[in-house]
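An overview of the molecular structure
Here's the letter readout for the chains.
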Amino acid sequence: MSEQWDESHLMRDAFRVPPWPIYSFGVWLLSSLQLAKRCIEPPPTTLFDMVRGSWRSQILYTVAALHIADILGREGPQTSQHLAESIGVSENRLYRTLRAAVQIGLFEVVMPKKGEEHVRFKNNKRSALLREGHPNCLKHMVLHMTDHNKPAWDELLWGVRTGDPPFEYTHNGMSEFEWLKANPSEEDKFSKAMKEVDSLGLHVAVVDYNWNRHGRIIDVGGAYGSFLASILAKHAKPQGMLFDQSQVIRRAEEVWREDEDLAAIRDRTDFVAGDFFDAETLPAGLDGDAYLLRLILHDWSDDDSIAILSSVRHAIGKAKARLLIVETTMGDEFDDPLFQRALMDVHMMVCLNGHERTVPEWKQLLAAAGFRFSRLIKTRGVFSLVEAVPAKLPKRPESSEGSSVDLQRYKSHGVISVDFDPADLENEP
Ligand SMILES: C[S@@+](CC[C@H](N)C(=O)[O-])C[C@H]1O[C@@H](n2cnc3c(N)ncnc32)[C@H](O)[C@@H]1O
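Residues numbered from 1 in each chain as written. Predicted model: local features only at pLDDT ≥ 70, side-chain atom pairs only at ≥ 80, totals over all residues. Heavy atoms only, no water.

1. Quick notes on the environment of Leu 60
Within the element layout of this structure, Leu 60 appears in helix H3 (residues 53-65). Among residues more than four places away in sequence, those in contact with Leu 60 are Leu 106, Leu 130 and Val 142. (Helix = DSSP H or I, 4+ residues; strand = E, 2+ residues; numbered from the N terminus. Contact = heavy atoms within 4.5 Å.)

Given below as structure tokens:
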């Protein structure tokens, strides 16, 4: 069985960027179907289904942690007896978990032929995404979200009551980034999960923005640089600079050395270790640079975000550079049945002290850190780009309602005194 088994049809890159009209129609259609389901379904059923959300994610987690999809991908359809024996778990419980997994849409069953006693399980296009090596693999994301994020989610109620981040409550007072630094294997899983986010449509930002207008892309907090790599592979002009904490950059360099697919762009990329709260460690700006912050600021409070932005502002100095923030910028609307961006916002307050922001909130943060909001660029996906240009650095950032801007904090990061004439910087590159 194992030699003939071929799952290559499930291992293709499933993500295609549709033309805008098809994308818009698809969003409308899927949103309408979600709303129609809500109208038709009896409310008690809907509520019970919501409660069962964590059951589903635990089934997903369990089959991912047991590498079931990898085994089925290698060996072809297998009975739960065979699987349980080969990984050393309870057969009865594995069978029942797999049966539920099939009912929620993971795996398929092959019914027993004459003379066979048991059903066999095989991968389908969703379970195949749990296979290592799938171009849209989400295995590390599933493990990361459940292994160490779930205990924090279990304390959402505590977080709402106290106003503090549940993650710190469930992880010995450590912030998520402190905890990751202290647990290198978890940090590795996290960085891989960040690459896997691309499968959710993040890399659409690679084609929905003209990166060729820039001479250099500085990916601030770029993890293993998967997004930067996609930009460089697609756009011939820019050089790349990957910036992250030293332990992450060390591993990123290894990943880039070992990955043959990255060979063609390796000599256009520099790796820089530093701390984005410390402006002196960020690469100094050149005309035509783009400083990229992808999924960074939603991790941080307003105070910290202003400190990070101010570091970048300081690093840019007098250069005619742009700032690009890639995040799920929220609208004022409550209706978002397809993307449900507010869920990600709650995730940010559970695991960190961050939040997803609206355009007016971006404008406020940017102004406090010496940038001018230029435009919001929508992409064919849940994420959009906020483009900003350097502007006059204010003497004192304004505090907004709900955000206590702590001037001391970013003074202590050494980013408040900038010795240039901001009037020089209004010209866009
Ligand atoms: C949510 S991840 C985003 C990764 C990447 N930008 C992406 O979109 O896939 C946050 C990143 O910020 C980095 N980071 C956290 N604190 C940092 C610091 N003080 N200086 C530099 N990078 C930091 C983490 O190592 C991590 O790679």
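2. What about the UniProt feature "domain: O-methyltransferase C-terminal" (unreviewed entry) in the protein chain?
Those residues carrying the UniProt feature "domain: O-methyltransferase C-terminal" (unreviewed entry) are residues 153-372 in this numbering. Taken end to end, residues 153-372 is 45% helix and 14% strand, and its two terminal C-alpha atoms sit 35 Å from one another. (UniProt positions renumbered as here; feature names shortened; annotations may be inferred.)

3. A word on the packing of aromatic side chains
Inspection of the entire model under this criterion finds 14 aromatic pairs. Seen from their ring centres, Phe 177 and Phe 190 are 6.1 Å apart, and the 80° between their planes marks the pair as edge-to-face. Residue Phe 177 is found in helix H11 (residues 176-182), and its partner Phe 190 is found in helix H12 (residues 184-196); the two are separated by 13 residues along the sequence. When its relative accessible area of 14% is taken as the criterion, Phe 190 is described as buried. With a centroid separation of 5.5 Å and 65° between ring planes, the pair formed by Phe 276 and Phe 277 is classed as edge-to-face. Residues Phe 276 and Phe 277 agree in their burial class; the two are buried. By the ring-pair criterion, three or more aromatic residues cluster together here, those being Phe 177, Phe 190, Phe 276, Phe 277 and Trp 300. (Phe/Tyr/Trp six-rings, centres within 6.5 Å; stacked < 30°, edge-to-face > 60°. Buried < 20%, exposed > 50% of the residue type's maximum accessible area, 1.4 Å probe, protein only.)

4. Description of a nonpolar patch on the surface
A surface patch of nonpolar side chains, amounting to about 530 Å² of accessible area, comprises Phe 25, Trp 28, Leu 29, Leu 30 and Leu 33. For Trp 28, the position within the fold is in helix H1 (residues 20-40). With relative accessibility at 53%, the residue Trp 28 sits in the exposed group. (Patch = residues over 30% accessible without salt bridge, like charges linked within 9 Å, V, L, I, M, F, W, Y side chains within 5 Å. Areas by Shrake-Rupley, 256 points an atom, 1.4 Å probe, with all protein chains shown as cover. Salt bridge = Lys/Arg side-chain N within 4 Å of Asp/Glu carboxyl O.)

5. Description of the nonpolar core
Ranked by internal contacts, the top residues of the largest apolar core, which has 78 residues, are Trp 211, Tyr 291, Leu 309, Leu 323, Leu 366 and Phe 371. The biggest single contributor to this core is helix H17 (residues 302-316), with seven residues. In this structure, this core is formed jointly by two domains, domain 2 (147-192) and domain 3 (201-426), each of which donates at least three residues. By size, the runner-up hydrophobic cluster in this structure holds 19 residues, among which are Leu 72, Leu 98, Ala 101 and Phe 107. (Core = buried A, V, L, I, M, F, W, Y, C linked by side-chain atoms within 4.5 Å. Domains from an automatic or database assignment.)

6. Quick word on the site of the ligand
What surrounds the ligand is a group of 18 residues, the closest being Gly 221, Asp 244, Asp 275, Phe 276 and Arg 294. Between an oxygen atom of the ligand and a side-chain N or O atom of Arg 294, the distance comes to 2.5 Å. Look at the ligand: alone it shows 590 Å² of surface, and the protein chains cover 95% of it. Taken together, the residues that form the shell around the ligand break down as ten nonpolar, four polar and four charged. (Near = heavy atom within 4 Å. Polar contact = N/O pair within 3.5 Å; in protein donor to acceptor, adjacent residues only side chain to side chain. Nonpolar A, V, L, I, M, F, W, Y, C, P; charged D, E, K, R; others polar.)

7. Here we look at helix H18 (residues 341-351)
Residues Arg 341, His 347, Met 348, Val 350 and Cys 351 constitute the buried set of H18. An end-on view of H18 places all buried positions within 165° of arc, on one side of the element. Contacts from the buried residues of H18 go to helix H7 (139-147), helix H8 (150-153), helix H9 (156-162), helix H10 (166-170) and H11. (Arc of directions from axis to C-beta.)

8. Points about the sheet that holds strand E4 (residues 239-244)
If you trace the seven strands from one edge of the open sheet to the other, you get E5-E4-E3-E6-E7-E9-E8, paired in mixed fashion. At either margin of the open sheet sits one strand with a lone partner, and together these are strand E5 (269-273) and strand E8 (371-378). Strand-to-strand, the axes of this sheet are offset by a mean angle of 20°, without reference to chain direction. Packing of helix H14 (residues 226-234) onto the sheet brings it into contact with strand E3 (216-220), E4, E5, strand E6 (289-294) and strand E7 (322-327), and relative to E4 it is tilted by some 180°. Lying on the sheet, helix H15 (residues 246-258) is in contact with E4 and E5; it crosses E5 at an angle near 155°. (Pairing = 2+ DSSP bridges. Axes fitted to C-alpha atoms, helices over the stretch in contact; angles between N-to-C directions.)

9. Here we look at the environment of Thr 328
Positionally, Thr 328 belongs in the loop between E7 and H18. Remark: the alpha-carbon pair of Thr 328 and Trp 20, spanning 308 residues in sequence, is separated by 18 Å. Setting aside anything within four residues of it in sequence, one finds Thr 328 in contact with Arg 341, Glu 356, Val 382 and Phe 383. One polar contact links Thr 328 to Glu 356, side chain to side chain, over a distance of 2.6 Å.

10. Concerning the packing of H17 against helix H19 (residues 359-368)
When two helices pack together, their arrangement is given by the angle between the helix axes and by the axis-to-axis distance. Interaxial distance between H17 and H19 falls to 8 Å at its minimum, and their mutual angle equals 50°. By the angle between their axes, H17 is oblique relative to H19. Of the two elements, H17 crosses H19, and the hand of that crossing is right-handed. From H17, Asp 302, Ser 305, Ile 306 and Leu 309 reach across to H19, where they touch Leu 365, Leu 366 and Ala 368. Partitioning the contact of H17 with H19 into residue classes produces five nonpolar, one polar and one charged. (Parallel < 35°, antiparallel > 145°, perpendicular 65-115°, else oblique. Left-handed = near helix turned anticlockwise from the far one by under 90°.)

11. What to know about a negative patch on the surface
Residues Asp 332, Glu 333, Asp 335 and Glu 361 make up a contiguous surface patch of negative charge. Note on placement: Asp 335 falls in the loop between E7 and H18. (Lys, Arg positive; Asp, Glu negative; His and termini not counted. Charge placed at Lys NZ, Arg CZ, Asp CG, Glu CD.)

12. Here's the deal with the pattern of salt bridges
In the structure shown here, the tally under the stated rule is 20 salt bridges. Linking Lys 192 and Asp 188 is a salt bridge whose minimum nitrogen-to-oxygen distance equals 3.0 Å. With a gap of four residues between them, Lys 192 and Asp 188 both fall in helix H12, about one helical turn apart. For Asp 188, a relative accessible area of 22% puts it in the partly exposed group. The closest approach of N and O atoms between Asp 198 and Arg 294, which form a salt bridge, is 2.7 Å. Of this pair, Asp 198 sits in the loop between H12 and helix H13 (204-207) while Arg 294 sits in strand E6, and the two are 96 residues apart along the sequence.

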